[in-house]
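Topology and contacts: notes
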Amino acid sequence: MNYKVAVIGDLSTTTGMALAGVPYTYVHKKRDETLAKLKEFFGDKQIGLILLTYRIAEELEPDFSQFMRSKSMIPVVLKIPDKTGYAPKVDELSEMIRRTVGTEIAVKEGTG
Amino acid sequence: MATALTISPTRMELIKLKRRVSLAQRGHDLLREKMDALVMEFFDVLKKVQGSRTRALERLFRAYRVLSECFATMGTIETVESARETKRELQLEISSRHVMGITVPVIEDPKVERNALARGYSLYTTSSLLDETSKEFEQALKLLVKHAELEASAFAIGKELEKTKRRVNALEYILIPKLQETIKFISMRLDEMERENFTRLKRIKAILEERR
Amino acid sequence: MDRLIKLELSRLNVHLPEKRMTLREALSSSKPEVMTRNGGKHALNREELEFLAGLLPEKNWNELQLPILIAFEPKFGKSAARISGKAGAYVVSKILDKEEAEELLIYRPEVAILRKKLPTTTQYVFIG
């Protein structure tokens, strides 16, 4: 199946991704509006991948986690850093590794 | 034990309990195999995720840096305007595969890279810096798409592993010991009752013989 | 809790294909995929198919059923898995550099290698 990509971010992220050919981009301003947009993207059967910045994902909590729990495999959602490189201190995947396998495996933080 | 007392100590109950233990044991053994297999799959995908994350983010940060240069040189408004004119037809081919009941996405490598002409913004008003920015983001996006597939797989497998581990532990440390405890209790009660019966019968026999 | 165990056990093998596909069928399909018991689709990776085709003589392509099943059966020992079917056992023995056999018994580290090489053309089965 063919799908489209959507991006929710600040002006830098959306501009960059638009230049790379991403069909749907949305610049975040107000929480409620962005949340509505996210809902729209989730409901759109054409969209297979949503990229959004960590900062916005955090601002959309707890609704964002709620969306993530109730969604099926598609759309795939990936959180990315914005141009400031912002990513939360506690990495979700590292947390999961700690809980399941018990050992701490350093998931490299790609701050460049 | 509280549950042990609520069950009546009969042979029938004992048989039922033994059946339940064997189901629980069978479930435990199978889920344990599944758990071990999930750990293996989890480690495998984690190894890939770490590398893909580093590579994708390095590329993304490089793209951000070139973009801010472009903003500074060409002007933010002009750059955003060019982005608006860009052809934005990126398509992803996504299918799925199954790992032990978990559905994970498979995303084909997308055809992101294109030349300046194919991008569609007007070349008269733009600088070569815009081409470079576009190229950088195309490459970052390509890596991010691959990373998205791996990360989604890691989360899905990890989630199932967490759930399976909880079940295995509940069986191993709670349900099975509890059932075994109850079986022990009932067996002891039955033995006791049998001994009581035996003494009673003996006494009755003695009384009867005395009367003869 | 008993119901939960039964539910978990019934869930163990829902990812298995309704019907498997031979290597020849898969190679000739433009989009090789099998339907799973729970109604999902499981795509077979083309590179893996070509890798398998290189290991198995062409005359046997009809005999290799995909995905190859890695069967765990705790009754017969923990952490050991069986590969049944002549063609499947043959390609797995080639990959793991083991002696050929009609039925192959492999151990967890070998399962790991196999899964890494064939993530879509192998699948786990749990038999209790």
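Every chain is numbered independently, its residues counted from 1 as its sequence is written. Each chain is given a letter, starting from A, and each ligand a number, starting from 1, according to the order in which they appear as written. Selection of residues for local features in this predicted model requires a pLDDT of at least 70, selection of side-chain atom pairs for listing and counting requires 80 or more, and totals for whole chains, interfaces and linings are taken over all residues. To obtain the side-chain values, all non-hydrogen atoms of the structure were included, while hydrogens and water were left out.

1. Overview of the overall build of chain B
Across its full length, chain B holds five helices and two strands. Put simply, chain B runs from its N terminus to its C terminus through helices and strands in the order α-α-α-β-β-α-α. Just to be clear, the radius of gyration here is over C-alpha atoms, and the globule rule we use is 2.2 Å times residues to the power 0.38. For chain B, the C-alpha radius of gyration of 35 Å lies well beyond 17 Å, the compact-globule estimate for 212 residues. Its C-alpha atoms give chain B principal-axis dimensions of roughly 130 × 30 × 25 Å. Classification of residues uses two cut-offs on accessible area relative to the type maximum, computed with a 1.4 Å probe and protein chains only: under 20% is buried, over 50% is exposed, and between them is partly exposed. When burial is assessed residue by residue, chain B has 47% of its 212 residues classed as buried. In chain B, 80% of the contacts between residues at least 6 apart in sequence involve partners at least 24 apart. A run of DSSP states H or I qualifies as a helix once it reaches four residues; a run of E qualifies as a strand once it reaches two. Both are numbered from the N-terminal end. Residue contacts are counted whenever heavy atoms from the two residues lie within 4.5 Å of one another.

2. A look at the layout of surface pockets
Points on a 1 Å grid over protein atoms alone make up a cavity when a 1.4 Å probe fits among them but cannot get out, and a pocket when they form an open set with protein on both sides within 12 Å along at least five of seven lines; lining residues each have an atom within 4 Å of a point. Grid points are joined across faces, edges and corners, and a volume is the space filled by probe spheres set on the points. Taken as a whole, the largest pocket holds about 1,300 Å³ of empty space. In this structure, the largest pocket is lined by 42 residues; those nearest its centre are A:Met68, A:Met96, B:Phe155, B:Ala156 and B:Lys159. Residue polarity is assigned by list, with Asp, Glu, Lys and Arg as charged and Ala, Val, Leu, Ile, Met, Phe, Trp, Tyr, Cys and Pro as nonpolar; anything else, Gly included, falls into the polar class. Partitioned by chemical class, the residues of the lining of the largest pocket number 20 nonpolar, four polar and 18 charged. If you add up the space inside the second largest pocket, you get close to 930 Å³. Contributing to the lining of the second largest pocket are 32 residues, with B:Val106, B:Glu108, C:Asn45, C:Glu48 and C:Thr120 lying nearest its centre. The greatest single-element share of the lining of the second largest pocket, amounting to five residues, is contributed by helix H5 (residues 128-211) of chain B. Tallied by class, residues from the lining of the second largest pocket come to ten nonpolar, five polar and 17 charged.

3. Some words on the interface of chain A and chain B
Taken residue by residue, the interface counts 48 residues in chain A and 55 residues in chain B. Looking at the side of chain A facing chain B, the largest losses of area belong to A:Leu19, A:Met73 and A:Thr100, adding up to 15% of the total buried there. Here B:Arg53 makes a salt bridge to A:Asp91, at a shortest N to O gap of 4.0 Å. As used in this structure description, the phrase polar contact means that two N or O atoms lie within 3.5 Å; if the pair is within protein, one of them must be able to donate a hydrogen and the other to accept it, and residues adjacent in sequence are counted only when both atoms belong to side chains. If you look at where chain A meets chain B, you find 14 residue pairs in polar contact (both at pLDDT 80 or more). Of all the secondary structure elements, the ones that give two or more residues to the side of chain A that touches chain B are strand E1 (2-9), helix H1 (11-19), strand E2 (24-27), strand E3 (47-53), strand E4 (76-80) and helix H5 (92-100) of chain A. The class makeup of the residues in the side of chain A that touches chain B is 27 nonpolar, 13 polar and eight charged. Pairing between strands is defined by DSSP: at least two bridges between the two strands are required. Bridge count between E1(A) and strand E1 (residues 92-99) of chain B: two bridges; the pairing is antiparallel. What sits directly across from A:Asn2, in E1(B), is B:Glu93. When two parts are brought into contact, each loses some accessible area as probed by a 1.4 Å sphere; the total of that loss over both is the buried area. Definition used for salt bridges: Asp or Glu carboxyl oxygen within 4 Å of a side-chain nitrogen of Lys or Arg.

4. Let's talk about the nonpolar core
As used here, the term nonpolar core means buried Ala, Val, Leu, Ile, Met, Phe, Trp, Tyr and Cys residues forming a set that is joined through side-chain atoms within 4.5 Å. In terms of nonpolar packing, the biggest core is built from 68 residues, with C:Leu23, C:Leu64, C:Leu66, C:Val92 and C:Ile106 touching the most fellow members. In terms of residue count, helix H2 (residues 11-74) of chain B provides more of this core than any other element does, 15 residues in total. With near-sequence residues (within four places) excluded, C:Val92 lies in contact with C:Ile68, C:Ile83, C:Leu104, C:Ile106 and C:Leu114. Core analysis: the second largest hydrophobic core is formed by 40 residues, B:Leu60, B:Phe71, B:Ala83 and B:Leu141 among them.

5. Observations concerning the packing of H2(B) against H5(B)
Residue and element names in this part refer to chain B. It is at 3 Å that the axes of H2 and H5 come closest, and there the two elements cross at 165°. Our classification of the angle between H2 and H5 gives roughly antiparallel. In this structure, the crossing between H2 and H5 has a hand that is left-handed. For the contact of H2 with H5, the per-class residue count stands at 39 nonpolar, 14 polar and 21 charged. Axis geometry follows a simple rule: fit a line to the C-alpha atoms, using only the stretch in contact for helices, then measure angles between N-to-C directions, giving values from 0 to 180 degrees. Throughout this description, any angle smaller than 35 degrees is read as roughly parallel, any larger than 145 degrees as roughly antiparallel, any in the 65 to 115 degree range as roughly perpendicular, and the remainder as oblique. Helix crossings fall into two classes, left-handed where the near helix is turned counterclockwise from the far one by less than a right angle and right-handed where it is turned clockwise.

6. Description of the packing of aromatic side chains
Any two rings among Phe, Tyr and Trp, with Trp reduced to its six-membered ring, count as a pair given centres within 6.5 Å; such a pair is stacked if its planes are under 30 degrees apart, edge-to-face if over 60, and tilted if neither. If you walk through the whole model with that rule in mind, you get seven aromatic pairs over all chains. Between the aromatic rings of B:Phe61 and B:Tyr64, the centroid separation amounts to 6.4 Å while the plane-to-plane angle is 40°, which identifies the pairing as tilted. Within this pair, B:Phe61 and its partner B:Tyr64 are both found in helix H2, separated by three residues, close to a single helical turn. Neither B:Phe61 nor B:Tyr64 differs from the other in exposure class; each is buried. Judged by centre distance (5.9 Å) and plane angle (15°), the rings of C:Phe72 and C:Phe126 are stacked. Of this pair, C:Phe72 sits in strand E5 (residues 68-72) while C:Phe126 is found in strand E8 (residues 122-126), placing the two residues 54 residues apart along the sequence. Taken individually, C:Phe72 and C:Phe126 each receive the classification buried, so the pair is uniform in this respect. Ring pairs connect the aromatic residues B:Phe61, B:Tyr64 and B:Phe137, which therefore count as one cluster.

7. Re the environment of C:Tyr90
All names here are of chain C. Along the chain, tyrosine 90 falls in helix H4 (residues 86-96). The class for tyrosine 90 is partly exposed, based on a relative accessible area of 21%. With 34 residues separating them in the primary sequence, tyrosine 90 and leucine 56 have C-alpha atoms 8.0 Å apart.

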